[in-house]
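Coordinate analysis (summary)
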Amino acid sequence: MSTTGIPAAAGGATRVAVVMGVSGSGKTTLAQALAAAWPATFLDADDFHSDEAKAWMGSGRPLTDAMRLPWVERIAADLRARVAAGERVALAFSGLRRGHRDLLRAAGLPLRFLFLHGDADLIGARMDARQGHYMPVSLLQSQFAALEDPRGETDVVTVEVSLPPDGQLRQALAALL
């Protein structure tokens, strides 16, 4: 057990912090702050999507699990290479499906999931306010429908979306130390 009462990450000290949640929950914001404070390399899982997947979502259609599989495999391969090179990583990753989280776990890396949990109305308002993102707010309900709630999984810490960014960061750092 760590001093926070959270079991230590398998395989030693956490090397990968996976900030997860539905689109618009603040994954990128928290993962970037975490990368600066921890310190670690920031990665955005959106950057691993193919152009075809981004176009698919941009047209208002949710990805299927089969469409997400190569995306998660690309992320896991990149994480393995970075950790092997001695890096720590703060990854912004939806992680909606247990199977996708399990694929990252199967990479054999010491990781911890930080689940941004929050109210759909608050998250929808945030999505409405952001500019230039390919994910339309119309897909938010499909994100919640696809989410297999990770609370209760031993390597997941819940962080409330309604907390201010500095409160989220403090909670995330405590979970990693």
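Think of each chain on its own: its residues are numbered from 1, step by step along the sequence as written. Per-residue local features of the predicted model are confined to residues with pLDDT of at least 70, and side-chain atom pairs are confined, for both listing and counting, to 80 or more; whole-chain, interface and lining totals are unaffected and use all residues. Only hydrogens and water are set aside when side-chain values are computed; all heavy atoms of the structure are taken into account.

1. Observations concerning the packing of helix 3 (residues 65-84) against helix 4 (residues 98-105)
Note on geometry: axes are lines fitted to C-alpha atoms, helical ones only across the stretch in contact, with angles between N-to-C directions running from 0 to 180 degrees. Segments assigned H or I by DSSP are reported as helices when at least four residues long, segments assigned E as strands when at least two residues long, and all are numbered from the N terminus. Packing of helix 3 against helix 4 brings their axes to within 9 Å, and their N-to-C directions diverge by 25°. It follows from the interaxial angle that helix 3 and helix 4 lie roughly parallel. Here the hand of the crossing between helix 3 and helix 4 comes out right-handed. On helix 4, the residues that touch Asp-65, Arg-68, Leu-69, Val-72, Ile-75, Ala-76 and Leu-79 of helix 3 are His-100, Leu-103 and Leu-104. Looking at the contact of helix 3 with helix 4 residue by residue, the classes come out as seven nonpolar, one polar and two charged. Should an angle fall under 35 degrees it is called roughly parallel, over 145 degrees roughly antiparallel, and 65 to 115 degrees roughly perpendicular, with every other angle called oblique. Less than a right angle of anticlockwise turn of the near helix away from the far helix marks a crossing as left-handed, whereas a clockwise turn marks it as right-handed. We call two residues in contact whenever any of their non-hydrogen atoms come within 4.5 Å of each other. Note on residue classes: Ala, Val, Leu, Ile, Met, Phe, Trp, Tyr, Cys and Pro are nonpolar, Asp, Glu, Lys and Arg are charged, and everything else, Gly too, is polar.

2. Observations concerning the packing of helix 1 (residues 27-37) against helix 7 (residues 165-176)
Between helix 1 and helix 7, the least distance of the axes is 10 Å, while the angle of their chain directions is 55°. The orientation of helix 1 with respect to helix 7, classified from their angle, is oblique. Regarding helix 1 and helix 7, the two cross each other, and that crossing is right-handed. Here helix 1 contributes Leu-30, Ala-33, Leu-34 and Ala-37 to the contact with helix 7, which in turn contributes Gln-168, Leu-169, Ala-172, Leu-173 and Leu-176. Looking at the contact of helix 1 with helix 7 residue by residue, the classes come out as eight nonpolar, one polar and no charged.

3. Quick look at the side chain of Asp-44
Mapped onto the elements of the fold, Asp-44 is located in strand 2 (residues 41-44). Salt bridges are absent for the buried Asp-44, whose nearest opposite-charge side chain, Lys-27, sits at 7.3 Å. In protein, a polar contact requires one atom able to donate a hydrogen and another able to accept it; more generally it is a pair of N or O atoms within 3.5 Å, and residues adjacent in sequence count only if both atoms are side-chain atoms. A polar atom in the side chain of Asp-44 sits 3.3 Å from the side chain of Thr-28. Those residues in contact with Asp-44 that sit more than four places away from it in its chain are Thr-28, Leu-91 and Ala-92. Burial classes follow relative accessibility: with a 1.4 Å probe on protein chains only, a residue under 20% of its type's maximum area counts as buried, one over 50% as exposed, and anything between as partly exposed. Note that His is not counted, nor are the chain ends; the positive residues are Lys and Arg, and the negative ones are Asp and Glu. Any Lys or Arg side-chain nitrogen located within 4 Å of an Asp or Glu carboxyl oxygen qualifies as a salt bridge.

4. Details of the confidence of the model for the protein chain
Scored between 0 and 100, pLDDT is the confidence that the predictor attaches to each residue. Mean pLDDT over the protein chain: 86, with 86% of residues reaching 70 or higher. Predicted confidence for residues 1-11 stays below pLDDT 50, and this span has 19 contacts to residues more than four positions away or in other chains.

5. Quick word on the sheet that holds strand 1 (residues 16-20)
One requirement defines pairing of two strands: DSSP has to find at least two bridges between them. One open sheet holds the five strands; their spatial order is 2-3-1-4-5, and the pairing between them is parallel. Each end of this open sheet is capped by a strand with a single partner; those strands are strand 2 and strand 5 (156-160). Strand after strand, the sheet turns through a mean of 20° between neighbouring axes, direction not considered. Both strand 4 (residues 111-117) and strand 5 contribute to a ladder of five bridges, which runs parallel. Its bridge partner being in strand 5, His-117 is matched across the sheet by Glu-160. Contacts from helix 4 reach strand 1, strand 3 (89-92), strand 4 and strand 5, with the element oriented near 155° to strand 4.

6. Some points on the nonpolar core
Residues belong to one nonpolar core when they are buried, are Ala, Val, Leu, Ile, Met, Phe, Trp, Tyr or Cys, and are joined through side-chain atoms within 4.5 Å. Counting 47 residues, the largest nonpolar core has Leu-34, Ile-75, Leu-79, Leu-91, Phe-93 and Leu-104 as its most contacted members. Top element by residues in this core is helix 3. It accounts for six residues. When sequence neighbours within four positions are dropped, the list of residues in contact with Leu-104 reads Val-18, Val-72, Ile-75, Ala-76, Leu-79, Leu-91, Phe-93, Leu-111 and Phe-113.

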